[in-house]
Every structure is written in C-alpha cells, then in structure tokens.
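For reference, the chains in residue letters:
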Amino acid sequence: MIELYINGTKYMIDVDPMTPLLWVIREQVGLTGTKFGCGIAQCGACTVHVNGKSVRSCITPVKAAVGNNVTTIEGITSADGEPHPIQKAWLTEQVPQCGYCQSGQMMTAVELLNQISSPTDSDIDTAMSGVICRCGTYGRIRKGIKTAALAMRSNAEVPDDG
Amino acid sequence: MAKWSRRAFITAGVIASGAVVFGVAIRRGNPVDKVVSLAVGDDETLINVWLKIATDNSITVIVPHAEMGQGVHTTLAMMLADELDADWDTVQMLEAPAHEEYANYALKRGYSTGDIEFPAFLVDSVNGYFLNAAKESGTQITGGSTSVRYTGELAMRVAGASTKAVLLQAAADKWNVNRDSLRAEKSYIVHDASGRRARFADFSVEAANLSQPPAPVLKSHDQFTIMGTSVPRIDIPAKIDGSAKYGIDVVLPDMKYAAIKAAPVFGSKVADIDETSVQEMPGIHRIVNLDSAVAIVADGYWQAQQAMEQLDVKWTLSGNESIEQSDIAQQLAGALDAANANDAFEVDLEAGDVKGAFDAASKVVNAEYRVPYLAHATMEPMNCTAWIHEGRCELWLGTQNPLGFTLRIGKAIGMNPADVILHNQYLGGGFGRRSVSDFAEQAARIAVDVPYPVKLIWSREEDIRHDHYRQASISRFSAAVNAAGQPTAWQNQFVNKRVPAEAPHIPYAIDNQLIQFTNSGVHVPWGFWRSVDHSLHTFFTESFIDELAVAAGSDPLEFRRELLVDKPGFMSVLERVAEESEWGTPLPENCGRGIAICRCFGTTVAQVVEVEIDNGTIRVKRVVCVVDASFTIHPDGMRAQMESGIIYGLTAALYGDISIHQGAVMQSNFHDYQILRMSDAPKIETHIINGGGRFGGAGEAGTPAIAPALTNAIFNASGLRIRELPIKHVDFSQQGPEMQGVT
Ligand code: FES
Ligand code: FES
C-alpha cells in the first residue's frame, strides 16, 4: 500500500510503486483534471505540485510522492471555495480554447506567482515555455498571469484587520 | 454540459426531413409523435428540435456541433437567441446527440445546390463514403468552418426567428391584439400600446400548436443585440478547475484500459503475436489482434503501455518498407515532369491567352515551392472508451463527426448503427483529426472481445505516427511580366489536388491564367488539416506573388493593391492591415516585414509579420492580422481563433515536418515534432472588419497566410527566399541575396 496526500486528502493505494504519479492520480484517485499529453516530460500537460514545486507527473514514479503534499488543479481553489487568482484571471482573459493544456498551464503559473510576485515577460517565458498549448493561447496566458499577479499583489496590500 | 438522452431520438424518424432545420414544432400529446414523451420533461414544452422553453422561462438551445475550443456552443446559441430575442442570461445549451435527424442538413444543402462557397472537401470523406443529399449518408461534422456559416445561418437563426413568430402569434391570439403591435424583448412578449408584458413560457404551449413559418424574416446586422457582443464563453468555467470532461476523462464501473500499437509501416498487418513475451507482466487481461494493430487490455493504462513495449509482434510486409521521404519527393516531382512532358495535366482553371502572353513577355519569372507532411498533434491524444452490452455499443469520445462515426463503427463491428450510441465529450483539440474514426473503430473492436468497458488511449507516439496527414506537395509557377513589371500571365502546375477546390486560385487581376495539376498516389494517409489545401496553396501563391513584386521592383503591398483594386472585399482588408502594421515605416536593422492575404471558407484575412534575424536565428516579433468574416458574431472569439490559427500555422511553417523512413513516420513525440512555445510566440494584434454579406468561418482562416507572410518577411529582412518549408531546415548563417531558394 502506498500512502499519498493529494489536495490535503489521504489516499491508501495498492499500486506498483514505479507507476507514474499521473496515472495514479487519474485512475486510482480519480482526479482527471491532470492530463496526459506526451508521457516523456515534453508538454507539461501533466504538471502537478509536489510540496509546492511543479513536477511532470508522467515521469514521476508514485513512490517519489510518498510523504509529500501533492496538489492538482482540483486543489488550487481555496478551502472556502474561492477560486485561485489564476483561475479568476483565466476567466477574465477567456484564456482556454480546447482547454486540455490549461491545468498544466495554471499549475505552472501558480508556482511562478508563488516565486515571483511581479513576473516580467522574460520570467513568464522562462517559467511557461515548458507547457505546450496546441491551440495557441500563449498571449492570453501571458495576460492572465499579469492580471493574476496584479490581483494577488493588491490582495496582499490590503491591511489585515485581525 | 447536459446532454440529450439518446433514447429521445431513437424514434425521431417521425420528424419530417427538413423539419430539423426549419424548426417545425413537435407537439406535446400528439399520439403519432413518439419523440415527445421522451424528449420533453414534465415542465417543458418542446417547441422544436432546436430549442426548448421551460416553465421557468429559461431557454435551452441545442447545438449540433462538437466543442473543440472554438466557442461554437456559445456562438450558435447566440445566433438562435438573438433571433428569438431571448434573455441571454437564461439561455442554456445542450449538445445534440448523434442522430440522423441532426445530420448536418446545411452541409447537404450546400452540396446539392452546388453553392460555390460550400467546402466541397466534406463530400469525399477520408473513409470513402460519400455525403449526398440522402439521409443515410448522414454526417454531423464540425470542421471546414461550417458551424456558423451553415448550421448557424440556415438552422439556428431560422429556428429562433420562426419560434419568435409563433410566440408573437400565440400572444396576439390570447390578448386579442394585432400581431404587429407586439414585440419580443429578453424572453418577454411586450404590447407597447397597453404596457402589457408576459413571459415566453406563458405562450409556449399554444405556440407549439401553431405551424412555424419555414422562412421567417431574419434580422439585419444592425438589429442584432446578442450577436456582435463578446459574451463569456459557456465552456470556459469548466476548463479552469479541472472539471471539464474530455473523452480521456470518462470513468465507468469495472472499466479497463487499453494501449495500442499499429503497424509502423502504413499498409502492414499483424503477422504474429508472441503472447508469452508479456505473460509474466501484472494486470494484463487480453491481447487483441486488430489486423493492422495490436491492443493490450490491462487494469491500468500504464500496465497496458508497459506490456505493449515488451510485446513481441511481427508484421507482414506491405511492400512499402523501402520508401524514404526522398523517394516521395522524387515521385511527386517526377509526376509533374511526366505530366509536363506528356501534356497530361488536368486543368484546374484557364483564362485568357496564356501562350500569347508568354510570347509577348519581356521577362519570365519561375519558381518551385515545396511543403512537407504535417501531423495534427491535438493536445489530447486519440482515445475512446467503448462498452458493448445489452446489444448496444456505447462510446465515449471526442469527435468532430458523431453521426459519421456511428456509421463507421457499426460497420466495423457488424452492428446496426442505430445501436451504436455515442456520447460526445469535450475535444482536446480537433483541427480535422477527430473527423477520422480509426481510433473509435479500434476501441469498439476491442470492446467486442470483453464484457467490460475499455478505455483505449493512444500514446503520443501512436498519435504522431498514425495520423491522417496534411499532404506533402510541390507547386511550380511561371509568370509572364511586361516591360512595366506587371504580370500578364500566371501559370501554375501542382501535384495532388484535394479540397476545397478554390484553394489554388488567386484573387489578383491577371488576365491570362492556366492552373493545372496531376495526381500521384502515396502510401501516407491523407486527412483534413486545419484549412486543408489552403494551408499549402496560400504559401505557394502568396510567395510567388511576392517574388513578382520583387522582380518588378515594387513594394509587395503596393504590388498587391494594384492587382486587387477591383476587389473591394480584399482592398478593405489590405488597406487596414497596411495602416495597423505601419507598413512602410522603418524597422531596426536585421528586421523585415512580410504580408500575405487569402480568402478561406468565406473569410478574408491579411497578415503582416515582423521578423528579426539575429545571428542566424529568427524571431517572429509581431503579427498584425485583419479579418473580415462579413459579420463577426463573437469578436473576442474571433480574435482567439485568429491567435490560434496563427500559432498553428506558425508552428507548421517553422518546425512542421513529418518525414518517411523505411515506409514509416520518423517523428514520434514533441521532442522531434516540435510545437511553438510561449517564448517563441509573437505578439498578435487582430483587427476585425464587418464587411457585410454571408457569414464567413473563423476556425481555419487564421492559418493559411501566416507561412507566406513570414517567409516574405524573412526575404525582406535578409534577401533569402524560402521556397521549402519548414523554415527550421534553412541555414540562416549563410544569408544573402545570392542564396536564392532552399532545397
Ligand atoms: S504528459 Fe507529462 S509532460 Fe507531457
Ligand atoms: S487550450 Fe487547447 S491545447 Fe491549450
């Protein structure tokens, strides 16, 4: 049995420890927002966070996630159901087309904004160029990241009442 | 996204042919109408097959097209809702099921009337069954930019307008007033004289008993209230939280997973499978011989995939094993040579006196262009979940042609197509690929062998190696030029004409033209690829016209302008792109601008590319795009489609290359079939013109012009004329005017 923590929930899973995390998340855990695109770490569709860092779940054996916190697209909404600023910005900018790559795009963008609160165009290029969008939504992703960054900064500036 | 239950349509044959399109009412309680009790909820009246009005006055629109990310669900719903004067905020959308009553009547009409703008390529589908005006040939295709142009114009708007007409009539009868004294507004009927207002739902039962006008008066463009606005797309909320369900996401009880490997060489078959090669591996349930492919069914996809890598399969020889890409190139060039030598070309277009013009020419310009095979590489690899039970075959997948798939699958497994039930899901990209049913037939055949549902997923390697490809082609040109540099004759010979028929034709005022082609069969499967033949011919013709401009010593935009003065539809787009791109203003060193223009599926697009060549690497900095689709229903959606089409075409122009080695595709995944990424994506500015007339398409029109606009820009920057794609094979370190053409 393998013990996994995904989006704050504990799962006990009976699976070959070499199985890629992607297929465990999709098939055993049943969270299908994380996508299969290439299987060889080329496209980023399968991006999830392990302890807050982006990993390609298609090439990460599930055993590497044991004892760590895994976050998927289903887990970026806050506990009270408030969408993540990235999700709000994706709606504002009407980013997705087919939408298939967008879980990977958003997970990568969330990590970027956690590290750099005001990313430049070149920060965005560096962070995002690992995630392919076949529908060509790159311009809107760039805008979405900037919109979310702005929102997150102004949220952060709101003085804490407590 | 809610769906119709298919049961509702099993007996839908009672709907008269044509009724679907014109939205003739199905009346509740009509005993001969078996559909109604199944299709209509207790609190709803089925006004017609295109929309429902519920008792709470909410409106459900049924959209007969798959959502691939082009926003078609939203756009078509808008068209109907606008004509109906519905309250957009209460409009919901259902996707139509695969059923022959939904066979895309509009497509058939286009075909049977010989409508010149009809995408004729849909007539001859990849799998060789012909679309005709007869019902049994049914198709329900999302492709060829037909959604808005045909379904929207001929069905959605008419259904909305005729339903509004009967609602107004029903209200007039009830209130005992003249129908013309009433108007509809946001799902209410309003009588201005008395100030009376009531909901649509208050009249829907009576309205359903009235016969609807088959050809109601539609709004003029200036009367639109919903069309022309950028309402938020219906499909987006589910696509930002992981909840959108694509074919690959379907989960069924006891479902197993299948991996597949097809014969690497097109035309080969399974000769032998050594099952002992995987017998030690865990979780394997079944190995299925699919003639030209082998599938392994396992508890999990990874187990199936691991076993597939181990499985020892022998393939028959097809005779194609020694074919190299260079052989295909030679064959295509040889076909052109032979047709030339034997005067065996077929004439595509002939006008004026070409020979006379060449005899009188003061100069002749020649060029040859080549393009490679291209794969679609949709982001979601091909997949299909199939389950055969209770005498039916149920399938869950994303398809651009639900009805065509049911026919093909029925044939593949020997089942009546009426028992093939298709649940269409969101498509993780289509681009034409999901109009071919190969993967779904495979899933259905696997399901024949097992009692549980099976989800077949192609690896990316299978997806790249077993696509139906955009064709490789060669096109040769000669132009006669007079002393003033003006072209007096245009001669073009190319190999393998596909569709649409008009793709090789030019808009330019050149009196004498001879366009010819010859066909030369190859063993590489062909398929519809975003914009189909426009994707090659626009590169050919817009490159050559640029070469003629250069030969004349003219500015490429000015040269086109002179040849388009009599075409106002092209001129307005050209003038606008000149203005928006600041054409003619100086650029920094090593930078260049290029232009291309095309008309594709009823939409005219011009693009200006700014490129920088720095130390042998090229950077596409900016693309200015002007689009005239006559009227743009959803401006933000149009911009998104232009951005998408440009990136798709740019990926192909820069990197796209499927090549054959020993009869098989060499490329396999994104490391060797490269896709444009964020860091290389240019800034794209789209400007929309509403030039009036019949609506044009959006999904394909952004793609064709970008390759020639880019290569023309590269010429402008460097003097290097690229005549063969993709650009990645060009050595920019040897730039200079002496390097004419790349082979
Ligand atoms: S599926 Fe993991 S990077 Fe493509
Ligand atoms: S939105 Fe379709 S691949 Fe990115």
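A brief look at the structure comes next. (Residues numbered from 1 in each chain as written. Chains lettered and ligands numbered in written order. Predicted model: local features only at pLDDT ≥ 70, side-chain atom pairs only at ≥ 80, totals over all residues. Heavy atoms only, no water.)

Re the interface of chain A and chain B
Inference 1: Taken together, the 44 residues of chain A in the interface contact 59 residues of chain B.
Inference 2: Counting each side, the surface lost to burial between chain A and chain B is near 4200 Å², with a carbon and sulfur contribution of 58%.
Inference 3: Of all residues in chain A, A:Gln97, A:Arg134 and A:Tyr138 bury the most surface against chain B, accounting for 20% of the area lost on that side.
Inference 4: At the boundary of chain A with chain B, the tally comes to four salt bridges.
Inference 5: The shortest N-O distance in the salt bridge between A:Arg140 and B:Asp636 comes to 3.1 Å.
Inference 6: Linking chain A to chain B there are 29 residue pairs in polar contact (both at pLDDT 80 or more).
Inference 7: Breaking the side of chain A that touches chain B down by element, the ones donating at least two residues are helix H1 (21–29), helix H2 (85–92), helix H3 (102–115), helix H4 (121–128) and helix H5 (138–157) of chain A.
Inference 8: Taken together, the residues that form the side of chain A that touches chain B break down as 22 nonpolar, 13 polar and nine charged. (Contact = heavy atoms within 4.5 Å. Buried area = accessible area lost by both parts, 1.4 Å probe. Salt bridge = Lys/Arg side-chain N within 4 Å of Asp/Glu carboxyl O. Polar contact = N/O pair within 3.5 Å; in protein donor to acceptor, adjacent residues only side chain to side chain. Helix = DSSP H or I, 4+ residues; strand = E, 2+ residues; numbered from the N terminus. Nonpolar A, V, L, I, M, F, W, Y, C, P; charged D, E, K, R; others polar.)

Considerations on the pairing of strand E1 (residues 2–6) of chain A
Residue and element names in this part refer to chain A.
Inference 1: Covered by surrounding structure in E1 are Ile 2, Leu 4 and Ile 6 only, the residues Glu 3 and Tyr 5 on the alternate face being uncovered.
Inference 2: Sheet topology note: the E1/strand E2 (residues 9–13) ladder contains five bridges and is antiparallel. What sits directly across from Ile 6, in E2, is Thr 9.
Inference 3: The antiparallel hairpin formed by E1 and E2 contains two residues in its connecting segment, where Asn 7 sits at a positive phi of about 50°.
Inference 4: Here E1 runs beside strand E5 (residues 69–71); their pairing, made up of two bridges, is parallel. When the sheet's bridge partners are listed, Tyr 5 is paired in E5 with Asn 69. (Buried < 20%, exposed > 50% of the residue type's maximum accessible area, 1.4 Å probe, protein only. Pairing = 2+ DSSP bridges.)

Re empty space enclosed by the protein
Residues and elements named next belong to chain B.
Inference 1: Scanning the entire structure with this criterion turns up nine cavities of 30 Å³ or more.
Inference 2: Of the pockets and cavities examined, the second largest cavity occupies roughly 110 Å³.
Inference 3: Arg 470, Ser 535, Gly 649, Ala 652 and Ala 707 are, among the 14 residues lining the second largest cavity, the residues nearest its centre.
Inference 4: Of all the secondary-structure elements, those providing two or more residues to the lining of the second largest cavity are helix H17 (635–654) and helix H18 (706–718).
Inference 5: At three residues, the largest contribution of residues to the lining of the second largest cavity is made by H17.
Inference 6: Split into classes, the residues belonging to the lining of the second largest cavity amount to nine nonpolar, four polar and one charged. (1 Å grid on protein atoms, 1.4 Å probe; cavity = no way out; pocket = protein on both sides within 12 Å on 5 of 7 lines; lining within 4 Å. Points joined across faces, edges and corners; volume = space filled by probe spheres on them.)

Quick look at the pattern of salt bridges
Inference 1: Taken as a whole, this structure holds 46 salt bridges over all chains when the rule is applied.
Inference 2: Across the pair A:Arg26 and B:Asp249 runs a salt bridge, and its minimum N-O distance is 3.0 Å. Residue A:Arg26 is located in helix H1, and its partner B:Asp249 is located in the loop between helix H7 (204–208) and strand E8 (256–262); the two belong to separate chains. Assigned by exposure class, A:Arg26 and B:Asp249 land together as buried.
Inference 3: Ionic pairing is found between B:Glu610 and B:Arg622, a salt bridge with its closest N-O pair at 2.9 Å. Of this pair, B:Glu610 sits in strand E23 (residues 603–614) while B:Arg622 sits in strand E24 (residues 617–628); the two residues are twelve residues apart in sequence, bridging distant segments of the chain.

Section: the side chain of B:Ser268
Inference 1: Inspection of the secondary structure puts B:Ser268 in the loop between E8 and strand E9 (270–274).
Inference 2: In contact with B:Ser268, other than residues within four places in its own chain, are B:Ala263, B:Ser292, B:Trp315, B:Thr316, B:Ser318 and B:Glu321.

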